[in-house]
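# Inside the fold
Residues per chain, in single letters:
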Amino acid sequence: MNESDPGHGNSPAAWTAVIIMLLGFAVGTVAFFLDVAWLVVASAVLVVVGAIVGWILSKAGYGVGGSRLTPKAHN
């Protein structure tokens, strides 16, 4: 195996950020279709919040190679 594999974002920080941002994009898409301007803006803010949450969790040790992350072997 290649030990220099960066992990491709497979961490709790990355998964949390992506889920929050996907939720923001999905709600924003529906809100745009239904012409609900305030919800489109709120969804855009949620996407930014997702990125910030991912960064915070990464700095807290939940990112790839973080101190609080227990790596699991791939089968």
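Everything here concerns the structure above.
Let me begin by describing the structure that accompanies this report. (Residues numbered from 1 in each chain as written. Predicted model: local features only at pLDDT ≥ 70, side-chain atom pairs only at ≥ 80, totals over all residues. Heavy atoms only, no water.)

## Points about the side chain of S11
Turning to its location among the elements, S11 is positioned in the segment before α1 (12-33). Not counting residues up to four positions away in its chain, the partners in contact with S11 are Y62, G63, V64 and L69. (Helix = DSSP H or I, 4+ residues; strand = E, 2+ residues; numbered from the N terminus. Contact = heavy atoms within 4.5 Å.)

## Some remarks on α1
Taking 1.5 Å as the rise per residue, α1 with 22 residues should run 32 Å; its terminal C-alpha atoms sit 32 Å apart, in good agreement. Among all positions of α1, only A13, A17, G24, G28 and A31 are buried. The buried residues of α1 occupy an angular sector of 65° when the element is viewed end-on, so they sit on one face. Of the exposed residues in α1, the ones pointing more than 90 degrees away from its buried face are W15, I19, L22, F25, T29 and F33. Of the surrounding elements, those touching the buried residues of α1 are α2 (37-62). (Expected span 1.5 Å × (residues − 1). Buried < 20%, exposed > 50% of the residue type's maximum accessible area, 1.4 Å probe, protein only. Arc of directions from axis to C-beta.)

## Concerning α2
An ideal rise of 1.5 Å per residue puts 38 Å on 26 residues; α2 measures up with 35 Å between its terminal C-alpha atoms. Within α2, burial applies to S43, V47, G50, G54 and G61. Where α2 is buried, its residues contact α1.

## Considerations on the environment of A44
Tracing the backbone shows A44 in helix α2. The exposure class of A44 is partly exposed, given its relative accessible area of 43%. Sequence separation between A44 and G24 is 20 residues, and the spatial gap between their C-alpha atoms is 6.5 Å.

## Things to note about the environment of L57
Along the chain, the position of L57 falls in helix α2. Those residues in contact with L57, other than ones at most four positions away along the chain, are P12, A13, T16, Y62 and G63.

## Overview of a nonpolar patch on the surface
A cluster of nonpolar side chains, namely V48, I52, W55 and I56, defines an oily patch on the protein surface of about 410 Å² accessible area. For W55, the position within the fold is in helix α2. The class of W55 is exposed, set by a relative accessible area of 55%. (Patch = residues over 30% accessible without salt bridge, like charges linked within 9 Å, V, L, I, M, F, W, Y side chains within 5 Å. Areas by Shrake-Rupley, 256 points an atom, 1.4 Å probe, with all protein chains shown as cover. Salt bridge = Lys/Arg side-chain N within 4 Å of Asp/Glu carboxyl O.)

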